[in-house]
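One letter stands for each residue in the lines below.
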Amino acid sequence: MENSTISTSSYLTFKLDQESFALHVSKVLEILEVTQITKVPQSPDYMRGVVNLRGNVLPVIDTRAKFGLSSAEFTVDTCIVVLDITSNEGAVTLGALVDSVQEVAEISNDQVQPPPKIGNKYNAEFINGMVKREEGFTMLLDIDKVFTTDEITFLRESGETLPTD
Amino acid sequence: MDQFKAKFREEAGDLLAALEKALLKLEQDFSDTKVIEEVFRVMHTLKGNSAMFELHFTENLTHHLETIFDNIREGKQQLSPEILDISLASIDHLRYLLDDETLEAPKGRAKHEELLTRVVALSLDSSAPVSANDAAVDQRGGLAKTFFITFKPKPDLLKNGSNPLYIIEDLHALGQCKAIPYAKNIPGLPAIDPAVCYISWGILLSTVSGVSEIHDVFLFVEDDAIIEIDLLGEGDFFAKSAFDVAVEKMKAAAEPLGLKQVKQLFEVQQKKEEKENAKAKEQQISSIRVSSDKLDKLMNLVSEMVTTQARLSLFVDQNHNAELLSISEEVENITRRLRDNTFSICLIPIEHLFVRFERLVRDLSRELKKDIQFVMEGGETELDKSIIESLTDPILHILRNCIDHGIEPEAKRIATDKPAKGKILLSAYYTGAYVNIKIEDDGAGIDPEKIKAKAIAKRLIPEDAALGKAEIFDLLFVPGFSTASKVTEISGRGVGMDVVKRKIAELRGDIFVDSEIGKGTAMTIQLPLTLSVIDGFLVKVANTHYVIPIGVIDRCYEIKRSELENSLHETVTLDGQRIPFIDLKNRLGHAETPGDAGNKALEYEHVITVYYNDKKIGLVVDTIIGEYQAVLKPLGKMYKDQDTMSGATILGDGTIALVMDTAKTANKFLSENNLKTV
């Protein structure tokens with residue numbers, strides 16, 4: 001997005017609560033239906049548990065909890081987005097629980113606007129930019145950063161009250 | 001060719017390790033001819049192999065080393081500490097040569113030249129043969145015969161002017177000779193007559209000369225003594241390994257032994273020897289080399305097999321079919337055996353690891369001018385090879401600490417009434433489902449007060465912290481903590497023990513410290529036997545499955561819920577013993593799990609007693625499902641902060657069960673209160 005030339009990338013958009021988010025498809029491995037999730041004791045609330053991904057153990061993160069949103073019942077639309085995250089300690093594969101997956105959208109970099117500094121209830125650190133689409137704004141997430149911090153400070157401290165870990 | 005070369009490298013690495021071990025052994029006992037033989041043999045093999053691959057530098061160096069040991073073997077040269085030093089240094093250089101065979105680096109070349117000059121100088125320095133006769137015998141070794149001579153002088157031998165000692169000396173001139181004196185007939189001091197010979201001899205003589213030549217030696221005493229010369233057998237008995245043992249036995253006898261007895265001694269010993277050799281040969285044939293990649297693949301396949309088999313078992317449970325059931329049971333049985341077998345293939349004795357340390361301790365203790373006796377025990381203890389590989393660095397670090405900080409300088413040791421020579425004991429042993437590696441020194445020990453003061457100074461703990469001894473020692477593993485007030489080259493950079501702890505934790509192990517001021521320190525590393533597949537007990541708590549490793553389980557009980565609820569300090573009486581328990585449902589956060597309400601009504605609960613340190617504790621679970629082979633899968637980095645679960649495993653129906661680390665669970669949940677009641 002820092003490039004001045006125009007290029008288009010594919011993004012997967014999904015919904016949490018009423019908000020729309022997008023992440024780069026290169027980070028997405030696959031999308032799973034929700035199966036039985038085994039909770040691991042002594043782990044933070046946003047760590048929903050682990051599931052079996054073809055013989056391997058996949059940790060599942062409750063994205064709502066991670067973003068500081070209230071938790072919701074699972075619906076037929078709830079699914080797990082399997083992501084490849086790069087952290088300081090190397091690559092990690094994890095699943096992110098989202099309310100529903102929308103579509104794969106082509107977004108060109110000239111559509112991307114910087115996140116507004118004021119009046120945004122989300123922490124700009126985790127957002128690469130915003131895109132105006134028919135149904136409203138979609139936030140492009142810096143997914144590596146979102147899932148490698150331990151805190152739930154995605155929501156701005158000033159915006160809403162949130163539980164701290 | 002490249003693949004052969006790789007094979008050569010691998011083999012050469014092994015040979016060098018064997019050589020190093022042999023040399024260190026030789027250092028303890030210079031006269032061990034067996035080991036000298038081994039050193040020579042290994043050198044010879046190395047030389048031959050490197051010549052085949054045209055590695056001239058390696059060949060050249062090993063050739064000269066071989067010459068030295070050949071000389072020693074033949075008694076033409078004395079083994080000296082200098083030779084050992086240069087041999088060990090050469091091993092290091094040869095290892096280097098394996099990587100840089102053409103000596104492209106100038107530094108390596110210089111080192112090579114230097115070593116070579118020293119080795120050549122030593123090999124030329126073969127001082128005059130120790131004994132001309134020995135050499136002669138050896139050269140004509142095939143012709144040598146061994147005689148047994150009984151020499152019993154009559155009392156008046158001395159009066160005739162003969163000296164039996166001269167005769168024995170003459171015998172020595174004929175070849176290898178061992179005279180064993182029997183002094184039983186010497187009377188008490190008042191009755192002794194200095195002119196009477198009371199002593200008799202049993203003599204073993206290996207010579208190329210015949211009976212007549214031996215008789216000639218006794219020519220002048222023939223009438224004054226009983227002389228029996230018997231052929232013990234063809235060949236040089238002195239070269240036989242049985243010789244020493246037989247001689248010891250002859251010495252131990254009060255009376256001079258007869259020929260028959262001596263013959264027997266050798267035969268018995270010989271047979272034993274042959275048996276051992278035969279065994280060694282069998283072992284050589286019955287082992288093959290397999291690359292560890294192949295083993296890893298095999299292990300993975302077996303893991304998948306175990307998982308698939310679990311699915312089959314589940315399917316059979318749900319679909320009743322007698323024939324299918326018997327097949328499934330058979331498959332289960334075979335899978336289990338296959339798993340155990342594969343697993344045992346991946347186990348290697350910890351000896352491999354220990355040998356490396358022997359050298360390190362030797363070098364370090366020299367460098368620091370501390371005389372240290374390094375003892376290793378339990379080298380035969382087997383451990384998964386992947387664990388062994390990851391253990392080198394942590395143990396290395398601990399050993400360095402022992403030598404650098406633990407063992408005091410000699411002067412100080414003497415001042416505190418300790419033996420001047422420090423001692424480090426490295427031992428390995430099994431306890432339950434764990435392997436323990438203990439590193440003990442008899443050094444200065446660790447002062448808990450000092451640690452505490454330092455931790456406070458470094459603001460690692462609050463000033464008023466009340467800590468037990470074990471907790472204080474745990475501070476050693478806190479990042480940024482180092483007790484050495486002076487940073488030395490070897491240890492004490494402050495990055496150490498925390499890394500050690502982390503590395504061991506990665507292996508699902510733990511480390512404990514115990515120390516007494518002035519007496520020494522012991523560090524115990526506790527490791528699981530395996531990293532991949534474990535036998536466990538499948539249980540259910542609320543709606544989550546857990547696997548408890550079978551190695552820690554004592555037994556299972558069924559008790560009334562009310563008994564648990566009314567308990568004091570969370571203890572329960574089982575078989576007349578008060579045992580603290582952990583109610584997993586509450587402790588693991590399942591109490592408020594939705595859909596769990598029905599469980600509350602359970603009248604009976606199951607308690608599984610497990611070993612915890614040397615005590616027993618109870619784990620309360622809802623349902624016991626049964627034995628289960630769990631293929632351990634790591635929970636991954638996202639769960640690195642939790643340690644009560646050592647991993648997860650996939651059940652037959654595709655859901656996940658968590659594998660519990662009972663020791664860590666107990667550490668976490670047992671309160672001070674109920675531990676006291678144990």
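Residues numbered from 1 in each chain as written. Chains lettered and ligands numbered in written order. Predicted model: local features only at pLDDT ≥ 70, side-chain atom pairs only at ≥ 80, totals over all residues. Heavy atoms only, no water.

A.B. asks: Just checking my understanding: could you explain the overall build of chain A for this structure?
C.D. replies: Counting its secondary structure elements, chain A contains two helices and eleven strands. For chain A, the sequential pattern of α-helices and β-strands runs β-β-β-β-β-α-β-β-β-β-β-β-α. When the 165 residues of chain A are sorted by exposure, 48% land in the buried category. Looking at chain A alone, contacts between residues at least 24 apart form 56% of all its contacts between residues at least 6 apart. Summed over its atoms, the accessible surface of chain A is roughly 8,500 Å², and 46% of this surface lies on carbon and sulfur atoms. (Helix = DSSP H or I, 4+ residues; strand = E, 2+ residues; numbered from the N terminus. Buried < 20%, exposed > 50% of the residue type's maximum accessible area, 1.4 Å probe, protein only. Contact = heavy atoms within 4.5 Å. Areas by Shrake-Rupley, 256 points an atom, 1.4 Å probe, with all protein chains shown as cover.)

A.B. asks: Hey, could you run me through the overall build of chain B in this one?
C.D. replies: Across its full length, chain B holds 22 helices and 21 strands. Burial status across chain B gives 45% buried among its 678 residues. Expressed as a percentage of contacts within chain B between residues at least 6 apart in sequence, the contacts between residues at least 24 apart total 70%. For chain B, the accessible surface area stands at approximately 35,400 Å², while carbon and sulfur atoms represent 52% of it.

A.B. asks: What should I look at first to understand unusual backbone geometry in this one?
C.D. replies: Glycine aside, the phi torsion of most residues is negative, and most peptide linkages are trans. Phi is positive for A:D17, which is not a glycine, with a value near 55 degrees. Tracing the backbone through its elements, the reader meets A:D17 in the loop between β1 (8-16) and β2 (19-24). A positive phi angle, close to 55 degrees, is found at B:K369, a residue other than glycine. Along the chain, B:K369 turns up in the loop between α13 (351-367) and β6 (372-377).

A.B. asks: Sorry if this is basic, but what is going on with the pairing of strand β6 (residues 79-87) of chain A here?
C.D. replies: Along any regular strand, the residues point their side chains to alternate faces of the sheet. Residue and element names in this part refer to chain A. With seven of nine residues buried, β6 is to be regarded as a mostly interior element. When strand β3 (residues 28-33) meets β6, the two strands line up antiparallel, connected through five bridges. Paired with I31 across the bridge in β6 is V81. With nine bridges joining them, β6 and strand β7 (residues 90-98) adopt antiparallel strand pairing. Of the residues in β7, the one forming a bridge with I80 is L97. Remark: two residues form the turn of the hairpin made by β6 and β7, two consecutive strands paired antiparallel. (Pairing = 2+ DSSP bridges.)

A.B. asks: Please clarify how the interface of chain B and chain A should be interpreted in this entry.
C.D. replies: Size of an interface, as often reported, equals the accessible area lost when the parts are brought together. Listed per partner, the contact involves 23 residues of chain B and 24 residues of chain A. Buried area between chain B and chain A, both sides added, is near 1,900 Å², and the carbon and sulfur share of it is 65%. Looking only at chain B, the three residues that lose the most surface to chain A are B:M638, B:Y639 and B:I656, adding up to 36% of its buried area. Linking chain B to chain A there are two residue pairs in polar contact (both at pLDDT 80 or more). For the side of chain B that touches chain A, the elements supplying multiple residues, two or more each, are β13 (544-549), β20 (645-650), β21 (656-660) and α21 (662-669) of chain B. At three residues, the largest contribution of residues to the side of chain B that touches chain A is made by β20(B). When grouped by side-chain class, the residues that make up the side of chain B that touches chain A number twelve nonpolar, six polar and five charged. (Buried area = accessible area lost by both parts, 1.4 Å probe. Polar contact = N/O pair within 3.5 Å; in protein donor to acceptor, adjacent residues only side chain to side chain. Nonpolar A, V, L, I, M, F, W, Y, C, P; charged D, E, K, R; others polar.)

A.B. asks: Please explain the confidence of the model for chain A as it appears in this structure.
C.D. replies: When pLDDT drops low, the exact placement of atoms in the prediction is not to be read closely. Residue and element names in this part refer to chain A. Chain-level statistics for chain A give a pLDDT mean of 80 and a share of 84% at 70 or above. Of all secondary-structure elements in chain A, the lowest mean pLDDT belongs to helix α2 (residues 143-148), at 81, while β3 reaches the highest, 91. Predicted confidence is poor over residues 156-165, with pLDDT under 50, and the contacts of this stretch with residues over four places away or in other chains come to 14 contacts. (pLDDT = per-residue confidence, 0-100.)

A.B. asks: So what exactly am I meant to see when it comes to the nonpolar core here?
C.D. replies: Membership of the largest hydrophobic core comes to 59 residues, with the highest contact counts inside it found for A:L83, A:F147 and B:L635. Residues within four places of A:F147 in sequence aside, it is in contact with A:I61, A:T63, A:K66, A:L83, A:I85, A:L94, A:A96 and B:M638. Core analysis: the second largest hydrophobic core is formed by 46 residues, B:I350, B:I398, B:I461 and B:V500 among them. (Core = buried A, V, L, I, M, F, W, Y, C linked by side-chain atoms within 4.5 Å.)

A.B. asks: Help me out: how do you make sense of the sheet that holds strand β11 (residues 520-528) of chain B in this one?
C.D. replies: Through backbone hydrogen bonds, the strands of a sheet pair up, either in parallel or in antiparallel fashion. Residues and elements named next belong to chain B. Read from one edge of the open sheet, five strands run β6-β8-β9-β11-β10, paired in mixed fashion. The sheet is open, and its two borders are formed by β6 and β10 (510-516), each paired with just one other strand. Averaged over all pairs of adjacent strands, the angle between their axes in this sheet comes to 15 degrees, without regard to strand direction. Pairing analysis gives eight bridges linking strand β9 (residues 434-441) to β11, with the strands arranged antiparallel. Looking at β11, one finds that N436 is bridged to Q526. Helix α14 (residues 385-406) contacts β6, β8 (422-431), β9, β10 and β11 of the sheet and is inclined by roughly 20 degrees relative to β9. (Axes fitted to C-alpha atoms, helices over the stretch in contact; angles between N-to-C directions.)

A.B. asks: Mind showing me how you'd approach the sheet that holds strand β2 (residues 175-182) of chain B here?
C.D. replies: All names here are of chain B. With antiparallel pairing, four strands are arranged side by side in an open sheet as β2-β3-β1-β4. One side of each edge strand has no neighbouring strand; the edge strands of this open sheet are β2 and β4 (225-234). Across the sheet, the mean angle from the axis of one strand to that of its neighbour is 15 degrees, orientation sign disregarded. Summarising the sheet, β2 and strand β3 (residues 200-207) pair through eight bridges and their orientation is antiparallel. In the strand pairing of β3, P181 is matched with W201. Where helix α7 (residues 164-174) meets the sheet, it contacts β1 (145-153), β2 and β3, and its direction lies at approximately 15 degrees from that of β3.

A.B. asks: Just checking my understanding: could you explain the side chain of B:T644 for this structure?
C.D. replies: Along the chain, B:T644 falls in the loop between β19 (623-631) and β20. A residue is classified by how much of its surface remains accessible, and B:T644, at 0% relative accessible area, is buried. Apart from the residues within four sequence positions on either side, B:T644 is in contact with A:Q42, B:V659, B:M660, B:D661, B:K664, B:T665, B:K668 and B:F669.

A.B. asks: Got a minute to help me understand helix α16 (residues 448-457) of chain B in this structure?
C.D. replies: Residues and elements named next belong to chain B. All of the buried residues along α16 are P448, I451, K452 and A455. Each buried residue of α16 sits inside an arc of 100 degrees when the element is viewed along its axis, so together they form one side. Of the exposed residues in α16, those oriented more than 90 degrees away from the buried face are E449, K450 and A457. Elements that come into contact with the buried residues of α16 comprise α17 (469-474). Count one or two residues on from α16 and you reach R459, which has phi positive near 60 degrees. (Arc of directions from axis to C-beta.)

A.B. asks: What's the story with the environment of B:E605 in this structure? I'm lost.
C.D. replies: Residues and elements named next belong to chain B. Structurally, E605 is set in strand β17 (residues 604-612). Given the relative accessible area of 1%, E605 is considered buried. In this structure the C-alpha to C-alpha distance between E605 and E563, which are 42 residues apart in sequence, comes to 9.5 Å. Apart from the residues lying within four places of it in its own chain, the contact partners of E605 are Y557, E558, I559, R561, L564, K585, V620, V621 and D622.

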